[in-house]
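Each chain is listed here by its residues.
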Amino acid sequence: MKLLITGSKGQLGNELLTILKNGCAEIGPISDAYKDAEVIGVDVDELDITDTAAVQAFVENERPDVILNCAAMTNVDGCETMFDVAMKVNAIGPRNLAAAATAVGAKLIHVSTDYVFAGNGTTPYCEWEPCAPNTVYGKSKRLGEEYVLMQCARSFVVRTAWLYGYVGNNFVKTMLRLGAERDRLTVVADQRGNPTSANDLAYHMLKLALTDEYGVYHCTNEGECSWCDFARRIMEKSGRACEVAPCTSAEYPSKTPRPAYSSLNNLMLACTVGNEMRPWEDALDMYLKNLEGMNQ
Ligand SMILES: NC(=O)c1ccc[n+]([C@@H]2O[C@H](COP(=O)([O-])OP(=O)(O)OC[C@H]3O[C@@H](n4cnc5c(N)ncnc54)[C@H](OP(=O)(O)O)[C@@H]3O)[C@@H](O)[C@H]2O)c1
């Protein structure tokens, strides 16, 4: 089996590479089908997914069985000001990969986001619920989903949220740094979602890739919380003596409005390959322990 991972230097791309190398994720071992897999990891320097001709040539030359697209423009505020770049990376890039995958008969696993929803829900969003993105990031990711589903019959769109991995920057690492520098922090308590381990997500992507159960999936760690709850657990479990006080989004305005409620329900995972996503607290606790070990 031959796998192509795009955006391989990002949080999720790195996690996929690590799991494939070790044959094991934090949840457990991956299928033996991956034992002798040839894994090609490329990032923007080696393959810019917005370059239609380059993507076509690369995929036709390598002829992977599965393409796992982890490349994206994830800077939500940056997307607002660089509308065209966001559309190129988050919509045209996946479209290019979908067309190239179709040309060689490969499967495509494309990763998307909770930002495709309006973010004003009250119960976790299921896969079939209507999308209504409010941000350029969300709009560009939604268009990417549509292109993928339209242009590649053998595609999976996997939506996730509040992602953290061992390589790269994320909310957990920011809190760890601030928690070491300060006695007190205020963190928004009126936005709720699902903190998600990139390791758990990568494990499920590899599980899906072995099936023909194409379609849209939600894949987040189980349970939901506010950013304030998330920060409090990070401080508590990492032994940071930093008080985390709640504030409202109005008190801490960001350039781009964030969804108030964008929790996802992993319904289709549960209906197909099985939902092994851990409770967010368990995944976070293991991440913090491992990260501490890596930094020693
Ligand atoms: N992070 C989150 O909280 C979150 C939440 C929900 C969904 N997601 C989705 O999950 C997926 C993985 O996210 P992540 O956190 O792993 O992202 P990430 O760490 O930002 O990684 C994305 C990678 O893609 C690369 N890239 C950017 N433009 C490219 C291009 N034109 N061609 C090829 N590669 C390009 C980036 O390179 P540079 O760094 O050089 O730009 C980076 O290495 C994305 O689809 C994202 O939308 C993420």
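Structure's up top.
Conventions used here
- Residues numbered from 1 in each chain as written.
- Predicted model: local features only at pLDDT ≥ 70, side-chain atom pairs only at ≥ 80, totals over all residues.
- Helix = DSSP H or I, 4+ residues; strand = E, 2+ residues; numbered from the N terminus.
- Rg over C-alpha atoms; globule rule 2.2 N^0.38 Å.
- Contact = placed C-beta atoms within 7 Å.
- Pairing = 2+ DSSP bridges.
- Axes fitted to C-alpha atoms, helices over the stretch in contact; angles between N-to-C directions.
- Left-handed = near helix turned anticlockwise from the far one by under 90°.
- Nonpolar A, V, L, I, M, F, W, Y, C, P; charged D, E, K, R; others polar.
- Near = placed C-beta within 6 Å.
- Core = buried A, V, L, I, M, F, W, Y, C linked by C-beta atoms within 7 Å.
- Buried ≥ 20, exposed ≤ 12 C-beta atoms within 10 Å, placed from the backbone.
- Expected span 1.5 Å × (residues − 1).
- Bend = angle between axes of the 7 residues up to and from the residue.

Q: Please clarify how the overall build of the chain should be interpreted in this entry.
A: Secondary structure summary: the chain contains ten helices and twelve strands in total. By the compact-globule yardstick of 19 Å for 296 residues, the chain fits well, its C-alpha radius of gyration being 19 Å. Projected onto the principal axes, the alpha-carbon positions of the chain cover approximately 55 × 40 × 40 Å. Taking the intrachain contacts of the chain between residues at least 6 apart in sequence as the baseline, contacts between residues at least 24 apart amount to 83%.

Q: Where do I start with the sheet that holds strand β2 (residues 38-42) in this structure?
A: Sheet strands line up and pair through hydrogen bonds in the backbone, either parallel or antiparallel. Strand order in this open sheet of six strands is β2-β1-β3-β4-β5-β10, and the pairing throughout is parallel. This sheet does not close on itself; its edge strands, each paired only once, are β2 and β10 (215-218). Between one strand and the next, the sheet's axes are offset by a mean angle of 20 degrees, whatever the strand orientation. As paired strands, strand β4 (residues 107-113) and strand β5 (residues 155-160) are joined by six bridges and run parallel to one another. Looking at the pairing, H110 lines up with V157 of β5. Contacting β1 (2-6), β2, β3 (66-69) and β4, helix α1 (residues 11-22) crosses the sheet at an angle of about 160 degrees to β2. Where helix α5 (residues 136-151) meets the sheet, its contacts fall on β4 and β5, and the angle it forms with β4 comes to roughly 160 degrees.

Q: Could you clarify how one ought to interpret the packing of α1 against helix α7 (residues 198-209) in this entry?
A: A pair of packed helices is characterised by two quantities: the angle between their axes and the separation of those axes. The contact between α1 and α7 brings their axes to 9 Å, and the two run at 65 degrees. In the crossing of α1 with α7, the sense of the turn from one axis to the other is right-handed. When α1 is examined against α7, the residues Q11, L12, E15, L16 and I19 are found in contact with a partner set consisting of A198, N199, L201, A202, Y203, M205 and L206. Considering only residue class, the contact of α1 with α7 consists of nine nonpolar, two polar and one charged.

Q: What should I look at first to understand the site of the ligand in this one?
A: Around the ligand sit 26 residues, and of these G7, G10, Q11, A71 and A72 come closest. The set of elements that each furnish at least two residues to the shell around the ligand consists of α1, α4 (83-104) and β4. The residue makeup of the shell around the ligand, split by class, is twelve nonpolar, ten polar and four charged.

Q: How should the nonpolar core be read in this particular structure?
A: It is characteristic of soluble globular proteins that their nonpolar side chains tend to be buried jointly. Membership of the largest hydrophobic core comes to 83 residues, with the highest contact counts inside it found for A202 and M205. In this view, A202 contacts L12, E15, L16, I19 and A25; residues no more than four positions away in its chain are not counted.

Q: Just checking my understanding: could you explain α4 for this structure?
A: In an α-helix, one full turn covers 3.6 residues, which means residues spaced three or four apart are oriented alike. The terminal C-alpha atoms of α4, which comprises 22 residues, lie 31 Å apart, in line with the 32 Å expected from a rise of 1.5 Å per residue. The sharpest bend along α4 reaches about 30 degrees and sits at I92, with the proline P94 one to four residues further on. Backbone geometry just after α4 places G105 at a positive phi near 75 degrees.

Q: Just checking my understanding: could you explain helix α8 (residues 227-238) for this structure?
A: The terminal C-alpha atoms of α8, which comprises twelve residues, lie 16 Å apart, in line with the 16 Å expected from a rise of 1.5 Å per residue. When we look at burial in α8, the residues that qualify are W227, C228, F230, A231, R232, R233 and I234. Against the buried residues of α8 lie α6 (171-181), β7 (184-188), β11 (225-226), β12 (243-247) and α10 (280-295). The first or second residue beyond α8 is G239, which carries a positive phi of 70 degrees.

Q: I'm lost on the environment of G239 in this one. Help?
A: Here G239 lies in the loop between α8 and β12. Counting along the chain gives 59 residues from G239 to A180, while the straight-line C-alpha distance between them is 9.5 Å.

Q: So what exactly am I meant to see when it comes to the environment of S8 here?
A: On the secondary structure map, S8 appears in the loop between β1 and α1. On the neighbour-count criterion, S8 (22 C-beta atoms within 10 Å) is buried. In the structure, S8 is positioned 62 residues away from C70 in sequence and 6.6 Å away in space, judged by C-alpha atoms. Aside from chain neighbours lying at most four places away, what touches S8 is G13, L17, G41, V42, D43 and C70.

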